[in-house]
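# Structural description and commentary
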Amino acid sequence: MSKYIHTNRPGFLLGLIDFCTAGLFFLIYMPLGLQDEIDEILGKRTQHYWVAYVLGIPTMFIYTLVWMARIAEELRSKAKALGIEGPYTSWWHMFGWNTFGVLLFGPAVATYRFFGTLNKVERKLNEN
């Protein structure tokens, strides 16, 4: 039986929904198991998304963006360690698309790549 059952998350759609709700969507989505999966995959407890979101408010969400970019970079490292072929998410991919591509659906593109990498990692871990 597979440990990770959500290995085909639609990253672009999730990113688009999150963008349209100013990040509020992930305040609900993350605690429904995604945060625990990420923590388990990375082998450590990460800061809760809601904390990063609240700390992002006074920083115009720069704090939240850096938090997500850091998670993306750690996920990229995990994918490489498992021998998964790219493309991967990364710190610069997450930060760049969310910053410079904000007017061109950039956050949805960044989230698409993030979930693409997460889906690959979870499928690989299910094989083992």
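These lines cover the structure that appears in this document, whether it is placed above or below. (Residues numbered from 1 in each chain as written. Predicted model: local features only at pLDDT ≥ 70, side-chain atom pairs only at ≥ 80, totals over all residues. Heavy atoms only, no water.)

This paragraph deals with the pattern of salt bridges. Side chains carrying opposite charge are able to pair once their charged atoms draw close together. Under the definition given, this model contains eight salt bridges. We note a salt bridge from K3 to E40, for which the minimum N-O separation is 2.1 Å. Separated by 37 residues along the polypeptide, K3 in the segment before α1 (11-20) and E40 in helix α3 (residues 34-42) bring together distant segments of the chain. Look at E40 and you get partly exposed, because its relative accessible area is 40%. In this structure, the salt-bridge partner of R70 is E74, at a minimum N-O distance of 3.8 Å. In this pair, R70 and E74 are both assigned in helix α5 (residues 62-81), four residues apart and thus about one turn of the helix distant. Of the residues examined, R70 reaches a relative accessible area of 37% and is grouped as partly exposed. E74 sits in the partly exposed class, given a relative accessible area of 22%. (Salt bridge = Lys/Arg side-chain N within 4 Å of Asp/Glu carboxyl O. Helix = DSSP H or I, 4+ residues; strand = E, 2+ residues; numbered from the N terminus. Buried < 20%, exposed > 50% of the residue type's maximum accessible area, 1.4 Å probe, protein only.)

Here we come to the environment of L32. On the secondary structure map, L32 appears in the loop between α2 (24-29) and α3. Remark: the alpha-carbon pair of L32 and Y63, spanning 31 residues in sequence, is separated by 22 Å.

Relative to the 32 Å expected for 22 residues at 1.5 Å per residue, helix α7 (residues 106-127) spans 32 Å between its end C-alpha atoms, a close match to the ideal helical length. Among all positions of α7, only G106, P107, A108, A110, T111, F114, F115, T117, L118, N119, V121 and E122 are buried. Where α7 is buried, its residues touch α1, α2, α3, α5 and α6 (91-100). (Expected span 1.5 Å × (residues − 1). Contact = heavy atoms within 4.5 Å.)

Turning to α6, its buried residues are H93, M94, F95 and G96. Taken together, the buried residues of α6 touch α5 and α7.

What follows covers the packing of α5 against α6. At a minimum axis distance of 7 Å, the contact between α5 and α6 shows a crossing angle of 145°. Note on packing geometry: the crossing formed by α5 with α6 is right-handed. Contacts between α5 and α6 involve L65, V66, M68, A69, R70, A72 and E73 from the first element and W91, M94, F95, N98 and T99 from the second. For the contact of α5 with α6, the residue count by class is eight nonpolar, two polar and two charged. (Axes fitted to C-alpha atoms, helices over the stretch in contact; angles between N-to-C directions. Left-handed = near helix turned anticlockwise from the far one by under 90°. Nonpolar A, V, L, I, M, F, W, Y, C, P; charged D, E, K, R; others polar.)

To continue, consider the environment of K80. With respect to the helices and strands, K80 occurs in helix α5. Overall, K80 belongs to the partly exposed group, its relative accessible area being 46%. Sequence spacing of K80 and G116 is 36 residues, and the spatial spacing of their C-alpha atoms is 14 Å.

Residues G86 and P87 are joined by a peptide bond in cis, for which omega reads 10°. In this structure, A22 takes a positive phi of about 55° despite not being glycine. With respect to the secondary-structure elements, A22 resides in the loop between α1 and α2. In this model, M60 sits at a positive phi of 55°, which is unusual for a non-glycine residue. Residue placement: M60 occurs in the loop between α4 (49-56) and α5.

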